[in-house]
Amino acid sequence: MDYLALIAYGILNMLFVLLISPLFISLIKIVKAHAQKRKGPPLLQTYRNLAKLLKKETVYSSNSSWIMRATPLVNVAAILVASLFVPMIIIPQPTDLVGNIILFLYLLAMAKFFMALSGLDAGSTFGGMGSSREMAISALIEPVVIVVFAAMAFAFKTINLPDMFRDALASNVLIDPVIILISISLFIIIIVESARVPVDNPETHLELTMIHEAMILEQSGKNLAMMELSSAMKQLLLMGVLINILVPWGLTADFTPQAILISLGAFLLKAVILAVIIGLFESSCAKSRLFRLPGLFAIALFLAIITLIIEVFA
Amino acid sequence: MIIAPVENVAQILIVLILATAAVIIMKRDIRSLIKTYAFQSLLLAVMALLLFSATGSLTLLYLAIIIIVSKVLIIPRFMGIVAKRLNIKRDVKFHFLSPTTSLLASIVIILFVYLSFSSLLSELNRFNSSIFFLGATVGMSIVFMGMIVIFTRKQTITNIVGYLTMENGVVLFSLFLTELPLLIEVLIIVDLIMLTLIATILAFGIDSTIEEFHNRLNPFISPPKETPQKQSEDDEQ
Amino acid sequence: MTLSLNMILAVYALAGVAVLALTVFSKSHRTMNILSIVLPAVYLVLTLFTLTYGAIPTYSLGGNYFLIDHLSLYEIMICSFLFLLAALYSYGYIEGSIEIHEMDRSSLKLFYVAFNLLLMAITYAFFADNLALFWILAELTTAFSAVLIVIMNAPKNIGATLKYVFITSTCMLFSFIGLILIFTLTENNLGSGTLNWSTLMSVASTLSPGIMFAAFIFTFVGFAAKSGIVPFHAWLPSAHSKAPAPVSAILSGCVTSVGIYGIIRVYAIASQTSELPKISWFLIAFGLISMVVAALTMLNQVNLKKLIGYSTVENMGFLLVGLGLGTSLAIFWMLFYTLAHAFTKASLFFSAGILHHQYKSVRMEHIKNVFKFQPFAAWSLILGGVAIIGMPLSAIFLPKIEILLQSAELSPYLLLGLLTVFLFVAAGFGIFLIKLLSRKDEDAPGVKRYEASLGMKIPIVVLLIAVFALGVFFPQQLTDLLNSIVSELGIR
Amino acid sequence: MLEFLFPLGLAAFFLAVVVPLVGSKIGAGKVTRQASLIATIVACGAILAFALEIVFSNQSFSLFVYQITPQFQFSFLVDRLAAFFLTLIAVVSLAVAIYSISYVEHTEHEERKNLIVSFMNIFIVSMVLVVASFSMFSFLFFWEIMALSSFLLVMSEFEKKETQKAGIFYFVMTHLSTLFLLFAFLFIYTVTGTFDMGQIRAEPLITSVAFVFLFLGFGIKAGIIPFHKWLPYAHPASPSNISALMSGVMIKVAVYGLIRFLLLLPMQTWWGILILAAGTTSAVLGVIYALKEHDIKRLLAYHSIENIGIILIGVGLYVIFSLAGFEAIAFLALAGALFHTLNHAIFKSLLFMTSGSIVNATGTRNIEEMGGLIKRMPKTALLFLIGAVSISALPPFNGFVSELMIFQAFFQSTVLANPFLEVILISSLAVFALTSALAAACFVKAFGITFLALPRSEEAKEAKESPKLMIIGPAILAAMCVALGVLSLQLFSVLGFSFPLPNMLFIGALLSGFYVFTFAALREVASRRERIAETWGCGFPTQTSKMEYTASGFSEPIVTILKSIFRTQKKSERNYYDDKGVIFKDGKAEIHLMNFFEERLYMPVANIVRKVSLKVNNLQRGDVDLHVAYAFATIVVFLLIIWWFA
C-alpha cells in the first residue's frame, strides 16, 4: 500500500514538474520584458519551442563522440530522478528511498558534469569556455549549497527533503529568522543554478557573457530540447525547495483529490509569485563580471554560515 | 722516602726538562731541535738514575740505559741523517699558534694539568711527597707541549720531534707516578722507534716523487719498470 | 679434552710465522695470495674449535699476559672471517691495481707480509689480558695498516697515512697515560700494580672512582682515535678512501673494532665503580657527536669510499651509544652490531673497489652508467646501502632497534636525536647512491668494461647473504656466545 | 580453510617474487614474468577469499608466529579491520596484476621487466603483511620493506632527471615517516614493555606524544599536506601499474595504520580536530593543485592527496563524535572513511591504469597533447570515464556513497553541544563541499581535454587501443566502482550495519530506467533525422585542434579566482651589450607557478641542512695539524672535566 502511494506520488510529482516547468521559463521572460517596457513572448512559447525542436533534425559535430548523444538523456534522467526528491504538492509517506538532500544535490551535479563534458566534446571554443565557467561557478556555489542544506538539516533535524517540508508545514511559524536567512541563500542558489543574471545571461548568445548557453551551443534538435527541458525542470525543482521551506502552506500529505487541488493551486500561486520576483530581480541588476561572482557567493556563504551559527548557539 | 738533596736535584732536573720542552716549542732550526731532544732524553735518563739511587729499583737503572741507547744515541742520530737528506734546515711555517703564543698556551696547560691533578691524585699515598706531584704534572704538561709542537709545525720531521717529546713526557709522568714493569717500559720504547721509523719514511715520501719514495721504502727490491701514473684527483674534503 | 692457553696461542703464532716465512720466500702473487687466504682460514677454524672445545675463559700460566674469553674469540672470529674474504678479494683487486699502475708488482710481498702481520697483531691484541700489551699490539696494528695504506702509488696516500699515524699515535699516548693511572691506582690499593684485565675486573669495585674515571677518559682518547670517534676521526675517512678496497674493508671492520674492544675492556672495569652514570653519559655524548658530525658530513660527499668511511664513523658512534647505555641488552646487541657492521661495511668497500677499478676513481663525477658496466657492483652497493642504513632484513636492523629502544628507556630526547641522525645518514647514503647509480652519459666513448673476477664477487655475495640471513635468523649459538660475553664483562 | 588460504597466498607470492628473478638469469624472461603475474593473481585470489571470509563472518584469525629472538617476533592477527584492508589490497593488486601482464611488456628496458615484476610482488606481499601484523615489530619490519620495494620501483627509470628528483624526495620522506613511526613504537614500548599491539595501555600524556608521532609518520606516507610533496613526484616517475598500487593501496596502508592505532590508543578530542584540520587542508589544497596540473599522472597524484584528506575528515569526525558519545554518528563517519578508502583504492587504481594505457599510446603525460582519444581508445575512455565519475562523487557510483556518508555525519553535527567544535565542523564542511565540486571540475577537464574533441598532437592522432589485458584489469575495478555504489546499502546490511543511506540500487535503476525511457520516447516522438557536420570554426575554413579550449584555459577561471593560493613568481633575465647595463641586448621574462610548499618549506629546510653540512665538512677540511689541534683541544676539555668532577 505504501509503495503504491509512493509510486503514485512519484508519477504525479514527476509529471507535474515535467509539464509545468517550461511555463516558468516563459513567465520570467515575460516579467523581464515588461520591466523593459516590452511585451515579451506568450506564456506557452517555451512549450512551442520544445515541440519545434523535437521535430527538427539533429546535427552532430564530426568531432563529437557518444558523450554528445548521451548527455541530453543523462541530463533528463538525472533531473527526473531528482524531481522525485522535491514534493511539489503532495508530501509522500516517510520513506528513505527518495528525498536525501545530498543525493538530490549530486543528481543535479551529475547532470552538470555531463553537460560540461558535452561542451568540450565538439571541440569548439565556446563549448569549452562554457564548461570551464560553469564548472568554476558550480564549484564556488557548492560550499554555499552544502552549508545551506546543512543549515536546513540542522533546522529540521533531518536530511530528507519531504521530511523537512513536513516539518516546515507542521511548525507553522511565519517568521523564523533561520528560515528567512536560509531562504535568501536559497534564492541566490536558484539564481546561480538556473543561469540567471547577474551570474549568467540566458538571453544573449554573446560569447563574453554566456555560460550555460555556450555549453549547449552544439546541441540541436531533440537533444537541445532535452537540455532546455531539463534546465527548466531543474529551475522549478529549486524553486520548489525554496517555496516549500519558506511558505509550505497548502502542501498536503493526503491523497485526496481535494487536498491535491488546493495544494496545486497554492503551489502555482506561490511559484508564480516567486517567478515574478526572480524576473524583477533579474531586471534590476546587471550581468556582473565572472570574477566578481565570488563576492556574491561569499554573501550567500556568509548568510548560510550565520544561519548555522544561529542554529548552533540558539 | 726520598731524602732532601735528592729531591732538590730532582726538582732541578724537572725544571730543566720543562725548559727543554719550551726550547723545542720555540726552536725553528731542525738540527738544534733534534739536539735539544737528545738533551731532554739525557736529562730523563739522569732522572731515572737519580730515582734509582733513591729507591734502588733495578728497573729504573735498565730504563735509564734504554733511554740513553735509544733516545740519546740512536734516534737523534737517525733523525739527523734524515733531516740532512731531506734538505730541510728550518721549519718556518706555523699553524694556529706562533711559538710565543704556544709557550703562553703551555703555561695555561700546565695550570690546567695542575688543577685537575691536584684534586685527583691527592688520594694516592705516594703524593704525600710534593716532588712526585710536581714530576707527574710536568710530565703531563710536556705531553701537551709535544702535542702543541705537532699541530703548530708544518714539517713532518718537526712533528716527529713533537711526538718524541710527548713520549718523553709520558715516561717522566710514569717515572713519578708509579713504577711500571720493565716490559711495559720497553714496549713503549719499541713503539716509539717503530713509529718514528714509519713517520720518517713517510716524511720522505711527502716531499719526494713516488718513484723515489718507493725506492726508499723497498730498498731490497729493484725499482718499478713502468712509470707510475699520477692521480690527479683532489680528494681532500 | 682441555686446551691450555699456551698451546692455543702457540698454534696461532706458529701458523702465523709459517705463513709469513712462506710468503717471504714465495715468488708468485698467486702463492702469496693463497697463503694469506690460508692464514685467516686457519685462524677461523682455530677460533671456532677453541670456542667449541675450549674451557673458556682460560688464562696463561705465569704472567697472565694473555686471556682467552668469549669476547676475544668473538672478535677474532669476525676479524679472521673478514681477513679471509679480504684475502680472497685481494688477488683480483691487486692485479687490477697493478694493471692501472696504482701499485707496483714489487710491493706485493710487502703487502702480503703486512697483511698477515696485521691479522696476527689484531688476533694477539684481542687475546691480550694485560692492557699495556693490548696497547702496544694496537699500536702495531696502526703500523701494519699504515704500510698497507701507503703501498699504493699515490702521494695522497702518504698524506693519509701520516694523518693516520700521527692522530692515532698521539692519542694512543694518552691512553698509555690512562693505563699508568690504572696501574698506579691498583698499586696504591693492592700494594703491587697490575694491568691485567682479569685481575682488574676482580678488584675494580674497590678502586677509587675518581681516578678510575680520569683513567677511563684518558684511555678513551686513544682507543677512540683507533676506532674513529669524532673529534679523533679525521684519519678514518681519508685512510679508508685511499687504501686499496680490501684494506679499507679490514680497517673498517677489524682495526676499528680493536679500538672499540679496548673501550669495552676499560669500560667493563670502570663500570664496576660508582662513576658509571658519568661514564655512560660521556660515552653517549661522544657517540652522539660522532654520529652527528659523520651524518652531516655524509650529506655532502662526492667520494664513495669517503662516504662509506664516514658511515663507519657514524656506526662507531652508535656502538659507543650502545655501550654507554650499559644495560645487558644494549651491550648484547651492541656486540652483535659490531659483527653486522663489519660484514656490511666490508661488502660495501668490496663493491666500491670494483667501481674503482672500472672508473679509476671513486668520485661521483667519474662514475657513469654503472648499471651498464657494473650491474653486479651496483646491486651490491644498493643492498649494502640498504643494509647499512638499517632497513629490515639486514642484520643491522635488529640491534639498531634494540639500542634505540634502550635509549628510549633512558631518555626520549636521546631517541629523537638518534633518529634525526639516522635520517641524515639515510638521506646521505640514499641521495648519494641515487645520484651515483643514475648518472648517465650516452656519449662516453671507448669505456672498457672491467671484468671483476669471481674471487672479487664471491666475498661480496657471501657477506651480503650473511648480513641478510642474520637479519631474520638468529642462531642460538650466537645468542649464547653473546650472553656469555655480557656476563663475563660483568654487565648487570 | 582459513588456515590454508593465507599461507597459500604467501607461497604464491613467494613464487611470484622468485620466479622472474631466476627467469631473467636463465634467459626465460617473458615466460617467467607471465607465470609470476599469474601466481600473483592466484595469491591475490587466495588472500581475497581469506579476507572476505573474515570480513563477512566478523571473526578474527591469528596466524603463525616466527621469532628472530624472543623480543623480536613476527605475529599476525587478522581481524575485521585488517581483513577489510586485505580485501582492498587483494582486489586492487589482482586487477593490477592482470593489467601488468600486458603493461610490463611495454616498458623500455628488457632487463628491468623481470625486476619490476618481482619487486612489485615484494611490494604487494609486504603490504599484506603490514596489514596482517599484530606486533609493532613486524608492522615496522614489513613497513620498511614496503617502503624499500616501492622506492626501487619508483626508480625503475632511473636515468631520467625527474625520476632522480622523485627518488630523492620519496626516499627522504618515506624514511622520515618510518622514523616517526619508530619513535612512536619505541615510545609505546617503553610504557608497555612489549611490541604487542594488544598491550597498548592508556596514559594520556604519553599517548598524546605517541599519537602525534604516529600521525606524522602515517601522514607522511599517506601524503597529507604539507608532507605531500613526494606524491606528485613519485607517481609520474614510476610505471603506471606501480603508481596504481602506490596510490591505490600503499597510502591506504598508512590510513590503516592510523585507524588501527587510533582504535588502540585512548583518544582525545584534539586529536580529532588535528586529523580533521589536516584532512580538510589536504583535501582542498590537493584538489586545487590538481586543477592547475596538466600532467595526467601528477594530476591523479594530487587527487590522491585530496582523497586522503577526505578519508581523514571521516576519521577526524569519528574521533570527535565518538568522544562526544555519539557512537552511531561516529561509526557512520568511520564507515564512510573506510568505505572511501576502499573506493578510492579502486577508482584511483583504475584511473592510474587507464592513464598508463593512454601514456603508453600517446607517449606523453601532458594532457594538452592528447585529445580525441575517445574515438581511438573507446574502451579505455569508457573505463576512465567511470573512474572520473566515481572520483567526482556522482551517483550512483561508489565515490558518491562514501562521501555521502561523511556528509551525513557532518549534517548531524548539531548534536554536539560544543559550539567551538561545531564551528570547526561547519568550516570544514564548507571546505569539503568546495573540494568535491572542484574535483568534479577537475575531472571534467581531465576527461574532456584528454578524450574529447580533436587530437592535439600527432601522437594522439596515432594512438591505438590498448591490448586486451590492459582493458580487463581496469575493467574489473570499473565494474566494482559501479557495483559498490549501486549495491552499497545491501552490502552494508550483509555486513550487519544499518546506515541511514538511500538505496542506491533503486536510484540506479531509476536513472537507467529514465534513460532508456527517454531514449525510447524520443525515438517515438522526435524526428529521427540526423546530420553530421563540422563544428563551426569561427569563420575559418576548417576547425583545427589549435582552436580548441585548452586545459590551461579550462582551469583559468578557477585559477584566477583562487589566485591567492596559486602563488606565481616572476623571473626576468636581462642581457646587455655593455658591462654597465645600458644597451639592452636580449632578455627573458617568465612567470611560473610557485610550488609553495617546496619553495617555502622543503627547500629552506634542505638548504639549512646543506649549509650546516657544508660547515661541518669545511671544519674537517685540513691536514694532520688541524686534527691534532682538535684532539688537543678535546683533551684539554677532558682535563677540565676531570678537574670539574674530581
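Structure: see above.
Residues numbered from 1 in each chain as written. Chains lettered and ligands numbered in written order. Predicted model: local features only at pLDDT ≥ 70, side-chain atom pairs only at ≥ 80, totals over all residues. Heavy atoms only, no water.

Trainee: Got a minute to help me understand the overall build of chain A in this structure?
Mentor: Scanning chain A for helices and strands turns up 11 helices and one strand. Mapped from its N terminus to its C terminus, chain A presents α and β elements in the order α-α-β-α-α-α-α-α-α-α-α-α. Here chain A, with 314 residues, has 65% of them falling under the buried criterion. Pairs at least 24 apart in sequence give 82% of the contacts found in chain A among residues at least 6 apart. Put simply, chain A shows about 11,100 Å² of open surface, and 69% of that area lies on carbon and sulfur atoms. Taking the average location of the 21 positive side-chain charges in chain A and that of its 19 negative ones, the two points are 11 Å from each other. (Helix = DSSP H or I, 4+ residues; strand = E, 2+ residues; numbered from the N terminus. Buried < 20%, exposed > 50% of the residue type's maximum accessible area, 1.4 Å probe, protein only. Contact = heavy atoms within 4.5 Å. Areas by Shrake-Rupley, 256 points an atom, 1.4 Å probe, with all protein chains shown as cover. Lys, Arg positive; Asp, Glu negative; His and termini not counted. Charge placed at Lys NZ, Arg CZ, Asp CG, Glu CD.)

Trainee: Can you walk me through the interface of chain B and chain D in this structure?
Mentor: Listed by partner, the interface residues are 20 residues for chain B and 18 residues for chain D. A combined buried area of about 1,700 Å² lies between chain B and chain D, and 78% of that area is made up of carbon and sulfur atoms. Inspection of the region where chain B meets chain D yields zero salt bridges. Among the secondary structure elements, those contributing two or more residues to the side of chain B that touches chain D are helix 4 (99–120) and helix 5 (130–152) of chain B. With eight residues, the single largest contributor to the side of chain B that touches chain D is helix 4 of chain B. In terms of residue class, the side of chain B that touches chain D is made up of 12 nonpolar, five polar and three charged. (Buried area = accessible area lost by both parts, 1.4 Å probe. Salt bridge = Lys/Arg side-chain N within 4 Å of Asp/Glu carboxyl O. Nonpolar A, V, L, I, M, F, W, Y, C, P; charged D, E, K, R; others polar.)

Trainee: What is the right way to look at the packing of helix 12 (residues 304–325) of chain C against helix 13 (residues 328–359) of chain C in this model?
Mentor: How two helices sit against one another is set out by the angle between their axes and by the gap between those axes. Residue and element names in this part refer to chain C. Remark: helix 12 packs on helix 13, axes separated minimally by 10 Å, with the N-to-C direction vectors making an angle of 175°. Considering their axes alone, helix 12 and helix 13 lie roughly antiparallel with respect to each other. Counted by class, the contact of helix 12 with helix 13 contains 15 nonpolar, seven polar and two charged residues. (Axes fitted to C-alpha atoms, helices over the stretch in contact; angles between N-to-C directions. Parallel < 35°, antiparallel > 145°, perpendicular 65-115°, else oblique.)

Trainee: What's the story with the arrangement of the chains in this structure? I'm lost.
Mentor: By contact count, the dominant pairing among the four pairs of chains in contact is that of chains A and D. You won't find any contact between chain A and chain C; their C-alpha atoms come no closer than 41 Å.

Trainee: Where do I start with the packing of aromatic side chains in this structure?
Mentor: How two aromatic rings sit relative to each other is set out by the distance from centre to centre and by the angle between their planes. All names here are of chain C. Going through the model one piece at a time under the given rule, you end up with 98 aromatic pairs over all chains. Ring geometry for Tyr89 against Phe350: centres 4.3 Å apart, planes inclined by 20°, an arrangement best described as stacked. Taken together, the residues span a long stretch of sequence, with Tyr89 in helix 3 (residues 70–99) and Phe350 in helix 13 at a distance of 261 residues. With relative accessibility at 0%, the residue Tyr89 sits in the buried group. Positioned above the aromatic ring of Trp197, the side-chain terminus of Arg265 is 4.2 Å from the ring centre. A cation sits over an aromatic face here: Lys400 above Phe422, 4.5 Å from the ring centre. (Phe/Tyr/Trp six-rings, centres within 6.5 Å; stacked < 30°, edge-to-face > 60°. Lys NZ or Arg CZ within 6 Å of the ring centre and 35° of its normal.)

Trainee: What am I meant to see in unusual backbone geometry here?
Mentor: Negative phi characterises most residues that are not glycine, and trans characterises most peptide bonds. Cis rather than trans, the peptide bond between Ile225 of chain D and Pro226 of chain D has omega equal to 10°. When you line up the elements, Pro226 of chain D lands in the loop between helix 7 (204–222) and helix 8 (230–237). A positive phi angle, close to 60°, is found at Lys37 of chain A, a residue other than glycine. In this fold, Lys37 of chain A is placed in the loop between helix 1 (2–35) and helix 2 (45–55). Residue classification places Lys37 of chain A among the exposed residues on the basis of a relative accessible area of 79%. The residue Lys157 of chain A is not glycine, and still its phi comes out positive at about 55°.

Taken by themselves, the reported measurements are silent on function.
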